[in-house]
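Residue-level structural notes
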Amino acid sequence: FHPVELPPVPSSTAPAPAWRLLFLCFTISATYTLIGNFVPIFKNIPLGTYLGLPALTAWSWTLQPSPSYFGQGLIMGPKTAVSMLLGTVVGWGVLAPLAKAEGWADGPIHDVATGARGWLLWVSLAIMLADSVVSLVLLSAKVLLQTLRSNGQDVEEELDPAPPNQQITWQIWLPGLLSASLLCTAILSPMFDMSPFELAVAVLFSLLVAVLAVRALGETDLNPVSGIGKVSQLLFAVVSPGNVVANLVAGAVAEAGAISAGDMMQDLQCGHLLKASPRAQFVAQLVGTATSCVMVVVAWTLYSSAYEIPGPEFPAPTALIWLNMAKVVNGGGHLATNVFPTAMGAAAIAALLPAMEAILPSSRKWMVPSAMAAAIGMYVTPNWTLPRVAGGLANYAWRRWDPDGAERYMIVVASGFVLGEGLTSIVNAGLKSSGVA
């Protein structure tokens, strides 16, 4: 990191309007979420049923006017949102109904074992895996080539710009890393009946992919954590064949390492721009980590006592992806009729997309859809995707009509919507678990 002088904040970007806008969006989102808890129809409106098209409702083409998902779409932007819509249309508009009509998935539509949703899950998993592997290979090759070309000429860039008394020296991070690794092994080994060797491999692999995650996030603003988890699952199919639980835990360790490394990189970069002490940030992160270990258990207990997980409110679709991936690589997965050729065809197309994006000039990269986003649009039902698409399209329209206002206030609006629904959902969970709603 190089020292950066922050420009003075002009009067037109004074914080007062932003705070008022944040509070307004928070209030709108919180009010909607609270009302939806008592009037559930507001949370998922079956327009197809009202229009005499009940098939749309059966296939989850319903209106879910979630401010939080709309805010997420504002943050994601139009490319990711449209890619998700592409996956939703192809998956839930073409492939899943075809599988149901042809008898390839003859169970209930949303049954993950015999229904169209479970059939489509394998196709989305193949797309994710193909995109992840190709993207990681391309990124690794790019990093390797840049390293070879630099030939030690970028030594100056490696110098820590922080004063010595603010730096996090190896005397601090190395013992901490070793202690955390041993603690991870001591906790997970008896909990999941894994050998210390298996966990040591998982931790070492997480260290390697964390470096890749930091580089990818720093260059592209995208952390390929999903792909990293899948690659870890492939590795553990060799390290511990036939062990589904070990496969899931190893993937979780690798993905957690990548997420944490990427988040810390962004935190430290932000702190550097604000001239904050890296050591003070490090201490604050330790306090936050210790607190979150307690809070995450409290939150899980609250939500799991108030809602069925997985269930209509919290379907946990990613858990199905992880479980099916673990079963497949360990030889325990059962593929429905005609899902294998469909998945392979989809994977071949998905593998081409990151390669095309890598060779296209920057001005043309927007033309290539995101295979990962399309896969997500396939494995979540349309009612979860449509509000995000609306947010992504609103992002495009706002930036086109008022680029200065979008640059200044879009994240504020999105944050208000996401925070309002997120925090109020905690209140709803408390009310539901206490029997009030």
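Shown above is the structure to which this text applies.
**Thoughts on the overall build of the chain**
Along the chain, the regular secondary structure elements total 16 helices and 0 strands. Considering the chain as a whole, with its 437 residues, one finds that 36% of them fall into the buried category. When contacts within the chain are restricted to residue pairs at least 6 apart in sequence, those whose partners lie at least 24 apart make up 76%. Total accessible area on the chain stands at roughly 23700 Å², and carbon and sulfur atoms take up 71% of it.

**So, the side chain of asparagine 428**
Mapped onto the fold, asparagine 428 is located in helix 16 (residues 403–433). When residues no more than four places from it in sequence are discounted, the contact partners of asparagine 428 are Thr33, Leu34, Asn37 and Tyr307.

**So, the packing of aromatic side chains**
Tallying each qualifying case throughout the model produces 5 aromatic pairs. With centroids separated by 5.3 Å and ring planes inclined at 50°, the aromatic side chains of tyrosine 69 and tryptophan 384 adopt a geometry described as tilted. Here the residue tyrosine 69 occupies a position in helix 4 (residues 67–76), and tryptophan 384 occupies one in helix 15 (residues 382–401), the gap between them amounting to 315 residues. The same class applies to tyrosine 69 and to tryptophan 384, which are both buried.

**Quick look at the side chain of asparagine 247**
Inspection of the secondary structure puts asparagine 247 in helix 10 (residues 244–273). Overall, asparagine 247 belongs to the buried group, its relative accessible area being 0%.

**Some thoughts on the nonpolar core**
Core analysis: the biggest nonpolar cluster contains 35 residues, and Trp119, Val123 and Ile127 have the highest contact counts within it. For this core, the elements supplying multiple residues, two or more each, are helix 5 (78–101), helix 6 (116–150), helix 12 (317–329), helix 13 (339–359) and helix 14 (371–379). Not counting chain neighbours up to four residues away, the residues in contact with tryptophan 119 comprise Leu95, Ala99, Trp104, Ala105, Ala336, Thr337, Asn338, Val339 and Thr342. Ranked by size, the runner-up nonpolar core spans 11 residues in total, among them Leu188, Val201, Ala202 and Ala246.

**Re the environment of serine 135**
Relative to the elements of secondary structure, serine 135 occurs in helix 6. A C-alpha to C-alpha distance of 6.0 Å links serine 135 and proline 354, two positions 219 residues apart in sequence.

**Remarks on the packing of helix 10 against helix 11 (residues 278–306)**
Relative orientation of the contacting elements helix 10 and helix 11 amounts to 140°, with a least axis distance of 10 Å. Relative to helix 11, the element helix 10 is oriented oblique. Like other packed secondary-structure pairs, helix 10 and helix 11 cross with a definite hand, here right-handed. Residues Met264, Asp267, Leu268, Gly271 and His272 of helix 10 form the contact with helix 11, whose participating residues are Pro278, Gln281 and Gln285. Split into classes, the residues belonging to the contact of helix 10 with helix 11 amount to 3 nonpolar, 4 polar and 1 charged.

Cut-offs applied
Residues numbered from 1 in each chain as written. Predicted model: local features only at pLDDT ≥ 70, side-chain atom pairs only at ≥ 80, totals over all residues. Heavy atoms only, no water. Helix = DSSP H or I, 4+ residues; strand = E, 2+ residues; numbered from the N terminus. Buried < 20%, exposed > 50% of the residue type's maximum accessible area, 1.4 Å probe, protein only. Contact = heavy atoms within 4.5 Å. Areas by Shrake-Rupley, 256 points an atom, 1.4 Å probe, with all protein chains shown as cover. Phe/Tyr/Trp six-rings, centres within 6.5 Å; stacked < 30°, edge-to-face > 60°. Core = buried A, V, L, I, M, F, W, Y, C linked by side-chain atoms within 4.5 Å. Axes fitted to C-alpha atoms, helices over the stretch in contact; angles between N-to-C directions. Parallel < 35°, antiparallel > 145°, perpendicular 65-115°, else oblique. Left-handed = near helix turned anticlockwise from the far one by under 90°. Nonpolar A, V, L, I, M, F, W, Y, C, P; charged D, E, K, R; others polar.

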